[in-house]
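For reference, the chains in residue letters:
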Amino acid sequence: MFACFQQRIADFDLKEYAMPVNQQGGIHTGLADLPLSVPFDSVKHYEDYIARLHQVPRVFNNHRSPSPGMKDSSCRAFLLEKVPVQCQGIIVC
């Protein structure tokens, strides 16, 4: 548990909070993992899931404005270049 806190401190020092999207995670991986986060054992659960899917465009639009990391150059282009390829892999699955 202590190692987890040490990692969080290191991430904070590296301004990870200012980089909402990178090659390891972000909105694109969070949405891909959504089906793993919800139960599918009733009609209501399926209806709720479909309702969440209808909100995906809104979620992407909310992430369009530049993050603090993009403003101070801590969000590195070489990391972001990997994201479209990763998204394509998610779409194909």
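Not measured: the values here are computed from a predicted model. (Residues numbered from 1 in each chain as written. Predicted model: local features only at pLDDT ≥ 70, side-chain atom pairs only at ≥ 80, totals over all residues. Heavy atoms only, no water.)

A count of helices and strands for the protein chain gives seven helices and zero strands. Reading the helices (α) and strands (β) of the protein chain from amino to carboxyl end gives α-α-α-α-α-α-α. Burial status across the protein chain gives 20% buried among its 93 residues. Within the protein chain, residue pairs in contact and separated by at least 24 positions form 67% of the contacts whose partners lie at least 6 positions apart. Roughly 7300 Å² of accessible area belongs to the protein chain as shown, and the carbon and sulfur atoms make up 62% of that amount. (Helix = DSSP H or I, 4+ residues; strand = E, 2+ residues; numbered from the N terminus. Buried < 20%, exposed > 50% of the residue type's maximum accessible area, 1.4 Å probe, protein only. Contact = heavy atoms within 4.5 Å. Areas by Shrake-Rupley, 256 points an atom, 1.4 Å probe, with all protein chains shown as cover.)

For the structure shown, the criterion picks out two aromatic pairs. For the pair Phe40 and Tyr46, a centre-to-centre distance of 4.9 Å together with 45° between the ring planes defines the contact as tilted. Note on Phe40: relative accessible area 30%, which makes it partly exposed. Considering the side-chain rings of Phe40 and Tyr49, the 5.1 Å spacing of their centres and the 80° angle between planes classify their relative orientation as edge-to-face. By relative accessible area, Tyr49 is classed as buried at 16%. Through a chain of ring-to-ring contacts, three or more aromatic side chains come together here, namely Phe40, Tyr46 and Tyr49. (Phe/Tyr/Trp six-rings, centres within 6.5 Å; stacked < 30°, edge-to-face > 60°.)

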